[in-house]
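Next come the chains, spelled out residue by residue.
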Amino acid sequence: MHFSNKKSPAARSAAMLVACALGAATVANAAEPKSKQTEEQQIKALQEQLLAVQKTLAKLADQNQTLMQHQEELERQLVQQQAALQEAQAALVAGGAASAGAQGLAGTQDTAGAQSAAGAQSAAGAAGQAALPGNNSALPGQPAVGNAQAVPATANTSGTGMPASANPLPGAQPGGFGVGSLDNVRLWGYGEIYYSRQSRDTTRTTADLARAVFGIGYRFDDRTEFNSEYEVEHAVASSEDKGEFEVEQFYVDRQLNDKATLRAGLFLMPFGFINEHHEPTNFYGMQRNFVETLIIPSTWREGGLSFHGDFDFGVAWSAGVTTGVNLGAWEFAPEFPQYTSALELANNGPAPLQATHQELSLASARHLSQYVALNYFGLPGLDVGGAVFTGNAETAPGTAGDSRVTLWEGHARLTPGKFDLSALYAHGTIGNVAAANIANPGSPNPIPSAFYGYFVQAAYQAWEYGDYRLNPFVRWEYYDMGSKYSGAVPQIPSGTVPLTDSPGDFGTWPSNRDRVWTAGVNFYVTPHVVFKADYQWFDLNKAFNRLDLGLGLNF
């Protein structure tokens, strides 16, 4: 605010009145009396005029004092407003720095990741970001999270150091939120409910609250952050129910510099599309694809120490030392098939790494494993990456020497316009298992020496209105949980066999390999809420053909 030094209108009026009075007095003294007024009358008139001028001057002085007081009050208020503005700007700068530090520390939310606060996430590419519905892209709902091939911020960097903004999934990532005045605390979560109906045996139709996951994070300072996730599976966890309560993540990130962050604790392995971004808004279809369930054992987590970051030219990286695989509890002689439906195939853990990874639950740590992951996201709409995990396992009984377990994968995703195209190949090996297999003759489930799988998938954003998105998709995949064996091959019972201990429950022993077609649609009502419907056709295990319906969400 600026105040002029010029005289106010009140001051100018007072000056004019004085001048007029003095001028009248001068004229009266100089002029010859032209009337019968006496000198006393003239003096009296002048006195009256001077008295009127004095009253006017007194009134103007009061008005001027009021104006001066008002001016001082305005100046005082201006100083206070400027001080408050400076404090607000300083707080905004400090808050922005803290937010940037937190983003450099955390992994995806997945959510929820976080949102999964959260939270943040695999070696995904910028291609996925183009598909996010929140970004007016070709895909609805990334993420993550939260957060997975193609379909949802977390506000954090991914497990491989890739910025969450480059997350490859089409759903929204769970970012989490502060709790009251506890601004350093973040909460996020995700969950899914589904209905699965087998076409040829409707007695196995199932409805399930498959999982409810809640994340808690805490920012210690601008460079240090804690993240965790806790999961309840199948609604009820007790000794008499199939449900489980699990700690899915529990780690600390410490940002070392702008390009590298140290992570320690229980964390997700940066493999494939889904493992770090497995929130239901982040992948097509009610169930996760079989390659990233049976070959890559999503959700795969290990305890250990890792480093992750990204380079300016669009490459994210992650490398670490973790707990490994335990073959000591391998089930060579199951009384019944380990799965009798597609749902049990995914949930019961029959695959090699599903059955042997330890999740930091009293994990055998005599042998540690190593991994490295790279992902390129430097071109818009393109995500190309891969990862390798290797290490000696805790051996099965009867084994002399070490058994090395290795898993590697490569993936690519392209999102031109409204299309979302992706593919993934994964291959695993287990060494020195012949002696263990020979020690268990006639087993229908020997330890495989090799296993692999791959898929190709295409999706298209067919309709969009406000937050609504409709994304049909189709996927073809092949998995083989035992492509090679050493010492023995599976001795599968022929003909009709009991499938469970339930009377009258008979069928054929299922194959451990298959080709699967999946066609369906994801319908997003917001980037954080999705309804799903799909149908799956199995080539060998035809009894597994099924219809899936479901609801998924994250926050």
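See the structure shown above.
Residues numbered from 1 in each chain as written. Predicted model: local features only at pLDDT ≥ 70, side-chain atom pairs only at ≥ 80, totals over all residues. Heavy atoms only, no water.

Engineer: Just checking my understanding: could you explain the nonpolar core for this structure?
Structural biologist: The nonpolar side chains of soluble globular proteins are, as a tendency, buried together. One finds Phe271, Phe290, Leu294, Leu407 and Tyr479 to be the most contacted residues of the largest nonpolar core, which totals 41 residues. With residues up to four places along the chain from it excluded, the contact list for leucine 407 reads Phe271, Ile295, Ile296, Trp300, Leu353, Ala387, Val388, Phe389, His427, Gly428 and Phe451. (Core = buried A, V, L, I, M, F, W, Y, C linked by side-chain atoms within 4.5 Å. Buried < 20%, exposed > 50% of the residue type's maximum accessible area, 1.4 Å probe, protein only. Contact = heavy atoms within 4.5 Å.)

Engineer: Just checking my understanding: could you explain the pairing of strand E6 (residues 244–257) for this structure?
Structural biologist: The side chains of a regular strand alternate, residue by residue, between the two faces of the sheet. As defined by bridge partners, strand E5 (residues 224–233) adjoins E6 across 10 bridges and the pair is classed as antiparallel. Pairing of tyrosine 230 across the sheet is with valine 247, part of E6. Of the strand pairs in this sheet, E6 and strand E7 (residues 260–268) are connected by 7 bridges, and their pairing is antiparallel. What sits directly across from glutamine 255, in E7, is threonine 261. Here E6 folds back onto E7 in antiparallel fashion, the turn holding 2 residues. (Pairing = 2+ DSSP bridges. Helix = DSSP H or I, 4+ residues; strand = E, 2+ residues; numbered from the N terminus.)

Engineer: Honestly, the pattern of salt bridges in this entry has me stumped. Any pointers?
Structural biologist: Any two side chains of opposite charge can pair, so long as their charged atoms come close to each other. Using the criterion set out here, one finds 16 salt bridges in the structure. Across the pair glutamate 359 and arginine 301 runs a salt bridge whose closest N-O atoms are separated by 3.7 Å. One end of the pair, glutamate 359, is in the loop between helix H6 (352–356) and strand E10 (368–376); the other, arginine 301, is in strand E8 (residues 301–310), and 58 residues separate them in sequence. Judged by relative accessible area, which is 3%, arginine 301 ranks as buried. Across the pair glutamate 394 and arginine 366 runs a salt bridge, and its minimum N-O distance is 3.3 Å. Placement of the pair is glutamate 394 in the loop between strand E11 (382–393) and strand E12 (403–414) and arginine 366 in the loop between H6 and E10, with a sequence separation of 28 residues. Since its relative accessible area comes to 58%, arginine 366 is described here as exposed. (Salt bridge = Lys/Arg side-chain N within 4 Å of Asp/Glu carboxyl O.)

Engineer: What is the right way to look at the side chain of serine 369 in this model?
Structural biologist: Along the chain, serine 369 turns up in strand E10. Judged by relative accessible area, serine 369 falls into the buried class, the value being 1%. Sequence-distant contacts of serine 369, defined by excluding residues within four places in its chain, comprise Gly320, Val321, Thr322, Thr323, Gly324, Phe389, Thr390 and Gly391.

Engineer: Can you walk me through unusual backbone geometry in this structure?
Structural biologist: For residues other than glycine, phi is negative in most cases, and the peptide bonds are mostly trans. In this model, serine 298 is joined to threonine 299 through a cis peptide bond whose omega is 5°. Tracing the chain through its elements places threonine 299 in the loop between helix H4 (291–295) and E8. Of note in the backbone geometry, alanine 235 takes a positive phi value of approximately 70° without being a glycine. We classify alanine 235 as partly exposed; its relative accessible area is 44%.

Engineer: Any chance you could explain the pairing of strand E20 (residues 529–538) here in plain terms?
Structural biologist: Burial along E20 is one-sided: the residues Val530, Lys532, Asp534, Gln536 and Phe538 are buried and none of Val529, Phe531, Ala533, Tyr535 and Trp537 is. The pairing of strand E19 (residues 513–526) with E20 spans 10 bridges and is classified as antiparallel. Residue valine 516 lies in a different strand from E20, and its bridge partner there is phenylalanine 538. Turn length for the E19-E20 hairpin, with the two strands adjacent in sequence and antiparallel, is 2 residues. With 8 bridges joining them, E20 and strand E21 (residues 546–554) adopt antiparallel strand pairing. Paired with lysine 532 across the strands is glycine 550, a residue of E21.

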